[in-house]
Each structure stands twice: as C-alpha cells, then as structure tokens.
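# Structural overview
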Amino acid sequence: MQFLPGLRLAETFYRGAVRPLLDEHFPGLPHAAALIGYGSEVLGFDTARSTDHNWGPRLQIFLPTEENATDLGAVLAAGLPDTWSGYPTAFTFTQEADQVPRQRVEVACLADWLTGWLGFDPTAGVTATDWLATPTQKLAEVTQGAVYHDGFGELTAARAALAWYPDDLWRHVLACQWQRISQEEAFPGRCAEVGDELGSLVVTARLARDIMRLCLLMHRRYPPYSKWLGTAFARLPGIGDLPAQLTGALTAADWSAREDHLVAAYRAVALLHNELGLTEPLSPDSLPFFDRPIRIIGAARFRDALMAGIKNPGPLAGAVDQFVDSTDALGDNEFTRAVAAQLT
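The text that follows walks through the structure, step by step, so that each part is easy to find. (Residues numbered from 1 in each chain as written. Predicted model: local features only at pLDDT ≥ 70, side-chain atom pairs only at ≥ 80, totals over all residues. Heavy atoms only, no water.)

### Regarding helix α15 (residues 333–341)
For an α-helix the count is 3.6 residues per turn, leaving residues at separations of three or four pointing the same way. The condition is simple: Burial status follows relative accessibility: with a 1.4 Å probe on protein chains alone, a residue under 20% of its type maximum counts as buried, one over 50% as exposed, and anything between as partly exposed. The helix and strand labels rest on DSSP assignments: H or I over at least four residues marks a helix, E over at least two residues marks a strand, and numbering proceeds from the N terminus. Each direction from the helix axis to a C-beta atom contributes to the arc, which is the arc of those directions. Residues are treated as being in contact if the distance between any of their heavy atoms lies within 4.5 Å. For this analysis, a polar contact is any N or O atom pair within 3.5 Å, provided that within protein one partner can donate a hydrogen and the other can accept it, and provided that sequence-adjacent residues contribute only side-chain to side-chain pairs.
Along α15, the positions that sit buried rather than exposed are N333, T336 and A340. For α15, the angular spread of buried residues about the axis comes to 70°, placing them on one side. Against α3 (110–118), α4 (128–133), α5 (136–143) and α14 (327–330) lie the buried residues of α15. Near the N-terminus of α15, the side chain that reaches the backbone nitrogen of E334, with its oxygen 3.1 Å away, is that of D332.

Below is the structure:
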C-alpha cells in the first residue's frame with residue numbers, strides 16, 4: 001500500500017467521511033477540524049515507518065462548548081467506515097492498557113483541550129509564565145499540524161497567539177541558549193588536554209545540540225524533541241555547511257580536528273546571529289580561553305548583547321526545556337508551570 005502522509009490522510013478523512021456525518025446529523029454546527037497535538041505526522045516528519053503503531057485516520061473536532069460533544073462522538077463512532085485509504089479507522093494506542101481498537105476522531109471543547117494540552121488557554125491571552133512554562137515541543141504541536149476547517153475562528157486565533165515569542169521573550173530565550181554554550185564551550189578542549197577523549201566527545205555533543213536548538217530559535221522555529229531535532233535542523237534555510245561542521249566535530253579522530261570543526265560552526269552561528277539584527281554586529285572570530293590553547297566563540301558576548309536589549313530581563317534560565325531535560329517532567333503541565341512561576 002502506498003504511504004499517505006498523516007496530515008493528508010486526516011484531511012481526506014475529514015472531508016470524505018467525518019464532514020458528511022456532521023452535515024447530516026448536526027447541520028450548521030460551528031466546529032473546527034484539525035490534526036494537532038502528538039505525533040510525528042503533526043510536525044511533517046512521518047514516513048512509512050510511522051505506520052507500525054498508533055497510526056490511522058484521525059483528527060480532532062473542536063466545539064465552542066461541551067454541548068453536542070457526547071452526541072457527536074456517538075454519531076461518529078456509529079457512522080464512520082471501517083477503513084479509509086486502506087487503513088483501519090479503529091486502532092489501538094500503545095499507551096492504553098486495554099488495547100481495544102477505537103476510532104480516533106477526538107471531539108472536545110477547544111478551550112478545554114488547549115488547557116489540557118498546554119496548561120493554559122491561549123485564546124484568553126498568553127502571559128510570560130505561559131510562554132516560559134511551555135516546552136517548545138508542545139508549542140510546535142499546537143502551531144504546526146493542519147487546520148481543515150475553523151467555523152468559529154478560535155482555533156486560528158489560538159495558533160496565531162502562539163505563532164512565536166514576543167520580541168523581548170525571543171531575545172531572552174536566545175540569550176539563555178547562548179548562556180548554555182558559554183558555560184561549556186571550553187570543556188571539550190580541557191577534557192582532551194587531560195586525555196579524556198570520551199569526555200571531550202560528550203561535551204562536544206552537548207554543544208552541538210545547543211547550537212542546533214539555537215539555530216532553530218534564530219529561525220523562529222520551535223525546536224522539537226530529540227528524535228526530530230536533527231531533521232528539523234537540517235531543513236533550516238541558509239545554514240550552509242553547518243550540519244557538516246557539527247558532524248565533523250562529532251566524528252573527528254582527535255581534538256585538533258574537532259576544534260577546527262567547532263570553530264567553523266561557531267563562526268557560522270555568529271554570522272547567523274548578526275543577520276538577525278537584534279544586536280550590533282559581533283565578531284564571528286574565535287577567541288583564546290584565557291591563556292590556554294583552546295579556542296572559543298565567547299558566547300557570553302552574544303548573551304550580554306541580547307540581554308542589553310530587553311526592557312525587563314529575567315533570570316538566565318530561560319524557557320523550561322532549556323534547563324529541564326526529563327521527558328516526564330516536561331510532560332507535566334503542573335510541574336512546568338510551578339517551575340516557570342518561580343522565574344517570572
């Protein structure tokens with residue numbers, strides 16, 4: 001069977017199977033239809049491999065209130081076809097204990113769904129705590145995907161409200177990402193100096209990850225979680241040979257070659273920073289780390305320049321996924337909001 005990307009599958013399923021049932025049983029019902037939230041297909045990274053679990057025709061139907069949600073769900077459960085485009089319309093989710101196949105058209109009040117997914121309702125406004133408490137993966141899950149119909153406009157408004165950070169917060173998260181680089185940029189060389197090649201590679205990998213996330217933030221793209229970080233990074237425009245330089249740093253046989261690749265990567269990122277025009281241009285040339293034979297970019301220069309342009313700068317921790325690296329913690333809205341509240 002020919003693979004059909006999930007966003008396209010959801011669109012045909014809505015237009016050919018779900019919408020006719022709505023029009024027949026609930027004519028004129030204000031609703032939105034979309035595929036957002038979890039899933040590689042929402043970010044456009046799905047392939048034929050994605051179909052081996054948690055896969056099939058699915059989408060959300062959002063309503064302005066809870067009224068009609070139960071009745072609509074029953075109509076869809078009874079009226080949807082057994083298959084669509086060759087895929088069963090009822091299928092299991094691996095995280096469900098009973099493993100009973102179910103149809104996966106989710107019917108929900110939009111405000112309730114958004115609050116459950118994000119921890120707040122963006123149609124009511126987005127505060128600094130809201131921004132900093134929400135991992136970029138979740139912001140991507142709501143602002144990407146696809147909307148197939150928005151009869152009452154609130155889903156479109158919510159996505160627009162979350163499209164990107166306000167200017168000061170953008171500067172802030174960029175500064176915090178440069179801060180992460182500044183804290184470890186000298187460590188690969190120092191590890192290598194004492195013969196710790198494995199340690200040098202581990203820190204280099206951490207720096208590569210931070211550089212990739214920084215580039216996505218520079219391009220106003222929410223960095224996805226680890227499985228898709230490299231894919232999202234590679235699709236960025238205008239990054240030249242930066243992916244090759246980071247790969248070279250991670251595969252170099254010795255510190256001298258590794259450092260050359262890192263220095264080239266730092267230079268490329270510094271030039272990308274200057275193109276943003278958020279600060280005065282800064283030199284992209286590498287610097288010595290004090291009197292040691294280690295070259296760095298001096299990431300604190302970029303951090304400080306960005307922070308100088310912020311009206312009310314906050315602590316240099318940043319958004320929650322810039323300093324929390326636990327999947328379980330980042331998936332807990334109550335936890336992330338409590339942590340972010342301490343920083344705003």
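Next comes the rest of the description.
### Remarks on the environment of L217
Inspection of the secondary structure puts L217 in helix α9 (residues 197–218). As a C-alpha pair, L217 and Q245 span 28 residues in sequence and 19 Å in three-dimensional space. Each residue touching L217, except ones within four places of it in the same chain, is listed here: W164, Y165, W170, V173, L174, Q177, P223 and Q322.

### Some points on the pattern of salt bridges
Proximity of charged atoms lets side chains of opposite charge pair with each other. The cut-off we apply is this: When a carboxyl oxygen of Asp or Glu is within 4 Å of a side-chain nitrogen of Lys or Arg, the pair counts as a salt bridge.
Summed over the entire model, instances satisfying the criterion amount to 19 salt bridges. Here D23 ties to R19 by a salt bridge, and the two come within 2.9 Å at their closest N and O atoms. With D23 and R19 both in helix α1 (residues 6–25) and four residues apart, this pair spans about one turn of that helix. Salt-bridge contacts for D285 lead to R267; the nearest nitrogen and oxygen are separated by 2.6 Å. On the criterion of sequence distance, the pair formed by D285 in the loop between α12 (255–276) and β8 (287–289) and R267 in helix α12 is long-range, its members being 18 residues apart. We classify D285 as partly exposed; its relative accessible area is 41%. Via salt bridges that share partners, E96, D98, R102 and R104 belong to a single interconnected network.

### Topic: the sheet that holds strand β1 (residues 32–35)
The pairing of strands in a sheet happens through backbone hydrogen bonds and is either parallel or antiparallel. Put simply, the rule is: For two strands to be treated as a pair, DSSP must find no fewer than two bridges joining them. Where helices are involved, their axes are fitted lines through C-alpha atoms of the stretch in contact, as for all axes, and angles between N-to-C directions lie from 0 to 180°.
Taken in spatial order, the five strands make up an open sheet running β5-β6-β2-β1-β7, and their pairing is mixed. If you trace the sheet from one side to the other, it starts and ends with β5 (90–91) and β7 (146–150), each paired once. Inspection of the sheet shows β1 paired to β7 by four bridges, in the antiparallel sense. From the neighbouring strand, A33 faces β7, where its bridge partner is H149. Relative to the sheet, helix α2 (residues 69–79) contacts β2 (58–63) and β6 (102–109), its axis offset from that of β6 by approximately 160°. Lying on the sheet, helix α6 (residues 154–161) is in contact with β1, β2 and β7; it crosses β7 at an angle near 145°.

### With respect to the pairing of strand β9 (residues 292–296)
As defined by bridge partners, β8 adjoins β9 across three bridges and the pair is classed as antiparallel. Paired with P288 across the bridge in β9 is R295. Linking two consecutive strands that pair antiparallel, namely β8 and β9, is a turn of two residues; a positive phi of about 50° is found at F290 within it.

### Looking at the packing of aromatic side chains
Selection rule: Each Phe, Tyr or Trp ring, with Trp reduced to its six-membered ring, pairs with another whose centre is within 6.5 Å; inter-plane angles below 30 degrees give stacked pairs, above 60 give edge-to-face pairs, and intermediate values give tilted ones. Note on criteria: charge over ring means Lys NZ or Arg CZ within 6 Å of the ring centre, with the direction from the centre no more than 35 degrees off the ring normal.
If you walk through the whole model with that rule in mind, you get 15 aromatic pairs. On the basis of an interplanar angle of 35° and a centroid distance of 5.9 Å, the ring pair of F3 and W55 is categorised as tilted. Residue F3 is located in the segment before α1, and its partner W55 is located in the loop between β1 and β2; the two are separated by 52 residues in the primary sequence. The class of F3 is partly exposed, set by a relative accessible area of 27%. Between the aromatic rings of F91 and F93, the centroid separation amounts to 5.9 Å while the plane-to-plane angle is 55°, which identifies the pairing as tilted. Looking at F91, the relative accessible area reads 8%, which means it is buried. Grouping aromatic residues by their ring pairs yields a cluster made of W131, W164, Y165, W170 and Y222. In this structure, R58 packs its charged tip against the face of Y38, placed 3.9 Å from the ring centre. Above the face of the F91 ring, R104 is positioned so that its terminal group lies 5.7 Å from the ring centre.

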